[in-house]
Amino acid sequence: MGLPKKRPKYTHSYVSKGTLRHYVRYQGVKHDEHIQALFGTPEFYYEHAQKLRELQERIEELGGVTETLTKETNRVNSQTLGGLYKLYKQSTGTKTKNFTPWDCLRPSTQHTKSLRIERFLKEVFAIESNTHRKPMGKVKYRQIKRKHLEEIRQTKKDTPEAANTIMKDLSSIFQFAIIEGLAPDDFVNPCHGLGKLKAKDKYDENGDLMKEGYHTWTMEEVEQFREHWPLGTMPRLALTLLLLTGARVSDAYRLGVKNEKGGLLEFIAQKTRKEIVIPILPELRQNIDACPSGNLIYLATSHGQPFKSSKGFSNWFVDRRADAGLPQKCVPHGLRKAGATFAAEGGATEAQLMAIYGWSDPEMARKYIESAEKRRLAMSAMHLLTGEQN
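Residues numbered from 1 in each chain as written. Predicted model: local features only at pLDDT ≥ 70, side-chain atom pairs only at ≥ 80, totals over all residues. Heavy atoms only, no water.

I keep staring at empty space enclosed by the protein and nothing clicks. Help me out?
Picture a little ball the size of a water molecule; that probe, rolled over the atoms, points out where space is still empty. On inspection of all chains with the given rule, the structure shows 1 cavity of 30 Å³ or more. Counted as a void, the largest cavity has a volume near 40 Å³. Taken together, Gly246, Ala247, Arg248, Asp251, Phe267, Ala269, Ile276, Arg336, Ile356, Tyr357 and Gly358 make up the full set of residues lining the largest cavity. Its residues placed into classes, the lining of the largest cavity shows 6 nonpolar, 2 polar and 3 charged. (1 Å grid on protein atoms, 1.4 Å probe; cavity = no way out; pocket = protein on both sides within 12 Å on 5 of 7 lines; lining within 4 Å. Points joined across faces, edges and corners; volume = space filled by probe spheres on them. Nonpolar A, V, L, I, M, F, W, Y, C, P; charged D, E, K, R; others polar.)

Structure (structure tokens):
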């Protein structure tokens, strides 16, 4: 009988160059070397126990006090933004409203976040002196003020979404310094109150102004896709899953028989880690039964294999959309928005929308309900423009 693939206590993980690595951290002190053995194997648990013993012995040599080790690390690294970032990547604990430890982020999120931050830390700006410029990673973080961040953000105004995202990343690093007590008592997170850059107007291939965010599929576009991909085809099943489950792309391509329980679909949303429980509607059941993949997962490639990633599935679906003659603005996530729109227009309540789509903030549900209500009011009042009576 094999060992359970459960991460043992004092194990922490991070992504390095696309590879998930594990290390031992005990009483705030990290082992110098990460675990070499493959996770889940007997060798992994043996190496973990060995490194934990080494760490405990090292701490005992210091009289059982780890402060010497942690203070030394702080003196060497935590004064610069780059050093603070390295310590932030070791953060563990429980996610709160104001801060998410690195250990609580998904490996894919850790990877993309690392790429963004490390690219930014190499950029050169004048912070500590108006004349002396140096990479942001070498700047003392306490010298960074809101005015500096506003100036930096302005240099990125051509890509407002990217500028807003890196400011959010920096805010997490500064918040870590405050929570961990690394920053002085009078230090204030310079990202607080910074606000966001307004996204630039985007236009579709016809030159029409696109609304904020992803395009919401219309019923006409959904029907056009259905006409091209009839019942029994994999693209039709993919559209139905996205539309009738409210699942994000990162969840939809993973769904399968394993998620069925007594006429319900149950799964944990990859983005929010919330449990989603929704009924399998008759139309969805019909599509699933009409297009068996031969796997425990509903959706499959042309080779009959499950998709390996959300990006791979998304790219495949975009190609099938093009085959149906639909415009580029019709992307997979737009079907989730379409489902929410159709549900709100059908009278779904705030609580119902939150349950289906896994939203923790009622503001998102309220947005769809208010939009549906405006549409109903406009439709009911149009006859008044001509002076006609109902």
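Read on, since the account is not over.
Looking at this model, I keep getting lost on the nonpolar core. Mind explaining?
One broad trend across soluble globular proteins is that nonpolar side chains are buried collectively. Ranked by internal contacts, the top residues of the largest apolar core, which has 37 residues, are Trp217, Leu299, Phe313 and Phe317. For this core, the secondary-structure elements that each account for two or more residues are α7 (219–228), α8 (234–245), α9 (249–252), β9 (264–268), β10 (275–279), α10 (282–290), α11 (310–323) and α12 (333–345). Broken down by element, the residue count for this core peaks at 7 residues, all from α8. Aside from chain neighbours lying at most four places away, what touches phenylalanine 313 is Ala238, Leu242, Val249, Tyr253, Leu299 and Phe307. Core analysis: the second largest hydrophobic core is formed by 32 residues, Tyr85, Tyr88, Phe125 and Ile152 among them. (Core = buried A, V, L, I, M, F, W, Y, C linked by side-chain atoms within 4.5 Å. Buried < 20%, exposed > 50% of the residue type's maximum accessible area, 1.4 Å probe, protein only. Helix = DSSP H or I, 4+ residues; strand = E, 2+ residues; numbered from the N terminus. Contact = heavy atoms within 4.5 Å.)

I'm lost on helix α5 (residues 146–154) in this one. Help?
What sets the pattern is the α-helix's 3.6 residues per turn: residues three or four places apart point alike. Burial in α5 covers these residues: His148, Leu149, Ile152 and Arg153. In an axial view of α5, the angular spread of the buried residues amounts to 135°, which keeps them on one side of the axis. Those residues of α5 hidden inside the fold are in contact with α4 (107–121), β4 (124–125) and α6 (160–179). (Arc of directions from axis to C-beta.)

Looking at this structure, how should I read the packing of α12 against helix α14 (residues 362–381)?
To characterise two packed helices, one gives the angle between the axes of the helices and the distance between these axes. Close contact between α12 and α14 brings their axes to 8 Å; oriented N to C, the two are set at 55°. Considering the angle they form, α12 stands oblique to α14. Of the two elements, α12 crosses α14, and the hand of that crossing is right-handed. Listed contacts from α14 to Lys337, Ala340, Thr341, Ala344 and Glu345 of α12 are Tyr368, Ile369, Ala372, Arg375 and Arg376. Looking at the contact of α12 with α14 residue by residue, the classes come out as 5 nonpolar, 1 polar and 4 charged. (Axes fitted to C-alpha atoms, helices over the stretch in contact; angles between N-to-C directions. Parallel < 35°, antiparallel > 145°, perpendicular 65-115°, else oblique. Left-handed = near helix turned anticlockwise from the far one by under 90°.)

Which parts of the structure should I look at to understand the pattern of salt bridges?
For side chains bearing opposite charge, pairing can occur when the charged atoms are close. Scanning the entire structure with this criterion turns up 13 salt bridges. Of the charged contacts, one joins aspartate 323 and arginine 320 as a salt bridge, the two residues approaching to 3.0 Å between their closest N and O atoms. Taken together, the residues span about one helical turn, with aspartate 323 and arginine 320 both in helix α11 at a distance of 3 residues. Overall, the relative accessible area of 19% leaves arginine 320 in the buried class. Here glutamate 363 ties to arginine 366 by a salt bridge, and the two come within 3.0 Å at their closest N and O atoms. Linking glutamate 363 with arginine 366, this pair stays in helix α14, spanning 3 residues, or about one helical turn. Classification of arginine 366 by relative accessible area gives partly exposed; the value is 30%. It is possible to trace a salt-bridge network through shared partners that takes in Lys113, Arg116 and Asp169. (Salt bridge = Lys/Arg side-chain N within 4 Å of Asp/Glu carboxyl O.)

Quick question: what am I supposed to make of the packing of α8 against α10 here?
Relative orientation of the contacting elements α8 and α10 amounts to 155°, with a least axis distance of 10 Å. On the basis of their axis angle, the class for α8 and α10 is roughly antiparallel. Handedness of the crossing formed by α8 with α10: left-handed. Residues Arg236, Leu237, Thr240, Leu241, Leu244 and Thr245 of α8 lie in contact with α10, whose contacting residues are Glu283, Leu284, Asn287 and Ile288. Here the contact of α8 with α10 is composed, by residue class, of 5 nonpolar, 3 polar and 2 charged.

Bear in mind that shape data such as this cannot, by itself, settle questions of function.
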